[in-house]
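# Results of the structural survey
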Amino acid sequence: MVPISVCMIAKNEEQNVHKCLAPLKKLGFELVVADTGSTDCAKSLISQYTDHLYSFEWKNDFSAARNFSISKASHDWILVVDFDEYLKGANVRNLISFADSHKSEIGTITRHNPCNLLSGQSSIMTEQVARFFNRNYNRYRGIIHEQVLPVDESAPVYFPVDISFYHHGYAEEGCLTEKAHRNLNLLLLALKDAPNDPYLLFQTGKCYQILKDYPTACQYFDAGLSYDIDPALAYVQDMIESYGYCLLEQKEYEAALSLANVYDIFSSQTDFVFLMGLIYMNNALFDQAVHEFQKATSMKNGRTEGINSYMPNYNIGVIYECTGNKENAMKFYAKCGNYAPAKHRLSLLQH
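This text gives an overview of the structure that appears in the document. Here the structure is a predicted model, which is why all the values come from computation and not from measurement. (Residues numbered from 1 in each chain as written. Predicted model: local features only at pLDDT ≥ 70, side-chain atom pairs only at ≥ 80, totals over all residues. Heavy atoms only, no water.)

### Quick look at the overall build of the chain
From N to C terminus, the chain includes 15 helices and 10 strands. What you see for the chain is a C-alpha radius of gyration of 22 Å, in line with the 20 Å of a compact globule of 351 residues. For the chain, the C-alpha atoms occupy an extent of roughly 65 × 45 × 40 Å along the three principal directions. The 351 residues of the chain split such that 49% are buried. In the chain, the share of contacts with a sequence separation of at least 24, taken over all contacts with a separation of at least 6, comes to 63%. When the accessible surface of the chain is split by element, carbon and sulfur atoms take 49% of a total near 16700 Å². (Helix = DSSP H or I, 4+ residues; strand = E, 2+ residues; numbered from the N terminus. Rg over C-alpha atoms; globule rule 2.2 N^0.38 Å. Buried < 20%, exposed > 50% of the residue type's maximum accessible area, 1.4 Å probe, protein only. Contact = heavy atoms within 4.5 Å. Areas by Shrake-Rupley, 256 points an atom, 1.4 Å probe, with all protein chains shown as cover.)

### Quick look at the packing of helix 6 (residues 198-210) against helix 8 (residues 234-249)
Between two packed helices, what matters for the description is the angle formed by their axes and the separation of those axes. At their nearest, the axes of helix 6 and helix 8 sit 10 Å apart, and the two run at 35° to each other. Helix 6 and helix 8 meet at a crossing whose hand is left-handed. Residues P198, Y199, F202, K206 and Q209 of helix 6 pack against Y235, D238, M239, S242, Y245 and C246 of helix 8. (Axes fitted to C-alpha atoms, helices over the stretch in contact; angles between N-to-C directions. Left-handed = near helix turned anticlockwise from the far one by under 90°.)

### Brief notes about the side chain of H112
Mapped onto the elements of the fold, H112 is located in strand 6 (residues 106-116). With relative accessibility at 16%, the residue H112 sits in the buried group. Side-chain polar atoms of H112 contact the side chain of T126, separated by 3.1 Å. With near-sequence residues (within four places) excluded, H112 lies in contact with K88, I124, M125, T126, S164, F165, Y166 and H167. (Polar contact = N/O pair within 3.5 Å; in protein donor to acceptor, adjacent residues only side chain to side chain.)

### Topic: the pairing of strand 4 (residues 77-80)
Side chains W77 and L79 of strand 4 all project onto a buried face; the interleaved residues I78 and V80 project onto the opposite face, where all are buried too. In this sheet, strand 4 lies alongside strand 1 (residues 5-10) in parallel orientation, the contact comprising three bridges. For V6, the partnering residue across the bridge sits in strand 4 and is L79. The pairing of strand 4 with strand 7 (residues 122-134) spans three bridges and is antiparallel. In the strand pairing of strand 7, W77 is matched with N134. (Pairing = 2+ DSSP bridges.)

### Some points on helix 14 (residues 326-334)
Of the positions making up helix 14, those classed as buried are A329, F332 and Y333. Buried residues of helix 14, seen end-on, are gathered within an arc of 105° and therefore sit on one face of the element. (Arc of directions from axis to C-beta.)

### A short note on the sheet that holds strand 6
Strand pairing in a sheet is mediated by backbone hydrogen bonds. Such pairs are either parallel or antiparallel. Judged by pairing direction, the sheet is mixed, and its eight strands sit side by side in the order 3-2-1-4-7-6-10-5 without closing on themselves. The open sheet has two edge strands with one neighbour each: strand 3 (52-55) and strand 5 (85-90). Taken pair by pair, the neighbouring strands of this sheet meet at an average axis angle of 30°, ignoring direction. Summarising the sheet, strand 6 and strand 7 pair through 10 bridges and their orientation is antiparallel. Residue pairing in the sheet places N113 in a bridge with M125 of strand 7. With respect to the sheet, helix 3 (residues 62-71) is in contact with strand 1, strand 2 (30-35), strand 3, strand 4 and strand 7, its orientation differing from that of strand 1 by roughly 140°.

### Focus: the pattern of salt bridges
By the definition in use, this model includes 11 salt bridges. With a closest N to O distance of 2.7 Å, D82 and R66 form a salt bridge. Pair noted here: D82 is in the loop between strand 4 and strand 5 and R66 is in helix 3, with a separation of 16 residues, a long-range link. Taking relative accessible area as the criterion, R66 reaches 6% and is therefore assigned buried. Here R345 ties to E321 by a salt bridge, and the two come within 2.4 Å at their closest N and O atoms. Pair noted here: R345 is in helix 15 (residues 340-349) and E321 is in helix 13 (residues 310-322), with a separation of 24 residues, a long-range link. Owing to a relative accessible area of 25%, R345 belongs among the partly exposed residues under this scheme. (Salt bridge = Lys/Arg side-chain N within 4 Å of Asp/Glu carboxyl O.)

So, in structure tokens, the structure goes:
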């Protein structure tokens, strides 16, 4: 058996059990599950994959549930997985090598999330999530959107590890909305104790964004960004971009232009450059928009699939089509490959 325990919490996950657990079981991981009150067939299905199934009374505290499951593991090295995350790929040898050479550091897994950026444009967003660690040095804290942090309260040190998952829970809007409502109640409770925590403000804003309450989301993002926070942190980059998209969804185009004030701070991020292109485009500042979209195509892959290829090229095509430059519009639509909206526009212009 691999000397790594996969620790999970579950409630009514019967539809996800097989797709989640079967690939992990096949790789030889120990599977440890804390069930927080399932009323479906989840426990029966889970027991087909592991003998390490425990009941945990839900206390409105995700960290408490996480840490309970971790306490039941046979191994010190822990990989935390959610039931709506399906394994895409893993190099177990590299995971073991990381464990041997990084005693107290935290490994980040790669997670692929379906997402809608603006006006129904869908894509896949990739993120690094802290999930692989030695329980002697790290544990979970926070009742909601819990974080892995060092036991000695030192600054965490992160390294990417070679394992990736597809986050199925983000693919179903109804499921996502239900989770947002659930998480929002816990976040608002947590904010009563820590009203100045920018991470909690960010996560609260994300819940309101999912629920399409864009004005309230902006209030929380604005509050979170008012603190002196490290712009290199992934959640800070997500927060500034989410803020911009929420402003665009409200058609607060002029207000969104204020993000140009932090351009120098975030301009190394492909996703932010693309967002600035959208902001300029919606303000009819087409030359600036084309410049940003073209810059995005010259940059490395961002967090969002297509953010440095077909997505900016499509928007450049839209700008040229709207300004009567049919030839250039067709040229940029053709650069988008099989991207359906671009193929549709190109077919219309060719007739």
